[in-house]
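A look at the structure
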Amino acid sequence: MIKDALLKEQHVIDAFTELAPNYEKKMDSELNLFWGWSYQKLIDTLLESCNDLQSKRILDLATGKLVIPKAILSAFSSVKQLVGLDITYRMLHLGKENLDEKSPIGFLCASALEIPTSSRSFDLVTCALATHHMDVKKLLSEIYRTLDSEGVVLIVDVGASKTWMNPIVRFLIQVMAFFYFLFRENAARAWAEAEALPNIRTSENWRDELKDANFSEIKITKLKSRRPFIPDPILIQAKRTGE
């Protein structure tokens with residue numbers, strides 16, 4: 001079990017290490033193909049859901065090349081703390097190359113399932129296009145631990161339709177995803193994307209998972225895809241409850 005999880009994690013690291021130099025361009029192309037969206041529109045949609053972040057402590061999970069922290073800093077210049085975390089060192093390395101020496105953006109090379117910070121360290125945790133590569137139960141548990149009281153989690157990612165949850169349909173989609181990325185990219189990306197399929201959830205599944213993890217004020221919005229055969233992306237907001 002642990003060995004399988006580590007192997008899947010390594011597939012993700014290998015895939016995104018290779019993808020890192022052209023990440024934004026590739027995401028823009030793939031989002032347009034599958035959803036009819038641009039990568040920038042996805043980032044803008046995430047930021048539009050943020051309330052005033054002045055003096056807030058913010059953690060962006062699976063931050064890649066720090067695109068979201070840079071966008072947050074551009075919109076809210078007086079954040080108290082801004083950290084990007086990613087498991088792929090090359091993504092972070094390329095992202096920080098364009099940072100000003102005095103930039104307040106920090107970064108951590110680590111797994112979002114084992115966030116190396118103390119509990120209640122942040123007021124907002126964001127994550128875009130990455131939860132399908134993770135164990136959602138573990139992820140939400142870590143996010144809950146990391147958020148301070150009344151802290152908010154904000155996620156945008158692919159959603160699943162009820163049809164996609166059918167085991168036979170899901171298996172067929174996994175096979176198609178594997179060969180699609182194998183021929184267009186490489187074996188590491190093919191394995192990473194195929195192995196991500198079981199982690200994709202419907203809006204209803206997400207709501208249940210968030211409730212089980214003790215989040216409240218859950219709001220899940222379907223973001224309209226222009227492709228009728230692809231499930232809509234979803235925007236998830238929820239608040240940490242409890243002292």
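Residues numbered from 1 in each chain as written. Predicted model: local features only at pLDDT ≥ 70, side-chain atom pairs only at ≥ 80, totals over all residues. Heavy atoms only, no water.

Evaluated as defined, the whole model comprises eight aromatic pairs. Between the aromatic rings of Y144 and F215, the centroid separation amounts to 5.5 Å while the plane-to-plane angle is 90°, which identifies the pairing as edge-to-face. Taken as a pair, Y144 in helix α6 (residues 136-146) and F215 in strand β6 (residues 215-222) lie far apart in primary sequence, 71 residues in all. The pair formed by Y144 and F215 is uniform in burial state, with each residue classed as buried. The interplanar angle of 90° and the centroid separation of 5.3 Å between the aromatic rings of F178 and F179 together place this pair among those described as edge-to-face. Given the relative accessible area of 41%, F179 is considered partly exposed. One Lys or Arg, K41, reaches over the ring of W37 and ends 4.2 Å from the middle of that ring. Above the plane of the ring of Y144 lies R240, whose end atom (NZ or CZ) is 4.1 Å from the centre. (Phe/Tyr/Trp six-rings, centres within 6.5 Å; stacked < 30°, edge-to-face > 60°. Helix = DSSP H or I, 4+ residues; strand = E, 2+ residues; numbered from the N terminus. Buried < 20%, exposed > 50% of the residue type's maximum accessible area, 1.4 Å probe, protein only. Lys NZ or Arg CZ within 6 Å of the ring centre and 35° of its normal.)

The next thing to look at is the layout of surface pockets. Counted as a void, the second largest pocket has a volume near 360 Å³. Lining the second largest pocket are 18 residues, and of these N51, D123, L124, E150 and V152 lie nearest its centre. Of all elements in the fold, only β4 (122-128), β5 (147-158), β6 and β7 (233-240) reach the threshold of two or more residues within the lining of the second largest pocket. No other element matches the five residues that β5 contributes to the lining of the second largest pocket. A per-class count over the lining of the second largest pocket returns six nonpolar, five polar and seven charged. (1 Å grid on protein atoms, 1.4 Å probe; cavity = no way out; pocket = protein on both sides within 12 Å on 5 of 7 lines; lining within 4 Å. Points joined across faces, edges and corners; volume = space filled by probe spheres on them. Nonpolar A, V, L, I, M, F, W, Y, C, P; charged D, E, K, R; others polar.)

Before going further, it helps to examine empty space enclosed by the protein. One water molecule sets the probe size; rolling that probe over the atoms shows where empty space is left. Scanning all chains against the criterion turns up one cavity of 30 Å³ or more. Considered as a void within the structure, the largest cavity measures approximately 70 Å³ in volume. Lining the largest cavity, in full, are Y23, Y39, A62, T63, G64, K65, V67, I68 and A128. Across the lining of the largest cavity, the residue classes tally to six nonpolar, two polar and one charged.

Turning to the environment of A112, a few remarks are in order. Following the sequence through the fold, A112 ends up in the loop between β3 (105-109) and β4. Between the C-alpha atom of A112 and that of K138, which follows or precedes it by 26 residues, the distance is 8.9 Å. With sequence-adjacent residues up to four places away left out, A112 is seen in contact with L61, L85, M134, L139 and E142. (Contact = heavy atoms within 4.5 Å.)

Here we take up the nonpolar core. Membership of the largest hydrophobic core comes to 49 residues, with the highest contact counts inside it found for W35, Y39, L53, I72 and V79. Excluding anything up to four places from it in sequence, I72 contacts L47, L53, I58, V79 and L82. (Core = buried A, V, L, I, M, F, W, Y, C linked by side-chain atoms within 4.5 Å.)

Another point: the sheet that holds β7. In space, the seven strands of this open sheet follow the order β3-β2-β1-β4-β5-β7-β6, with mixed pairing throughout. Either end of the sheet is taken by a strand with one partner, and the two such strands are β3 and β6. Neighbour to neighbour, the strand axes of the sheet diverge by 15° on average, direction disregarded. Bridging between β4 and β5 involves six bridges; their strand directions are parallel. Considered in β5, the bridge of A128 is made with V156. (Pairing = 2+ DSSP bridges. Axes fitted to C-alpha atoms, helices over the stretch in contact; angles between N-to-C directions.)

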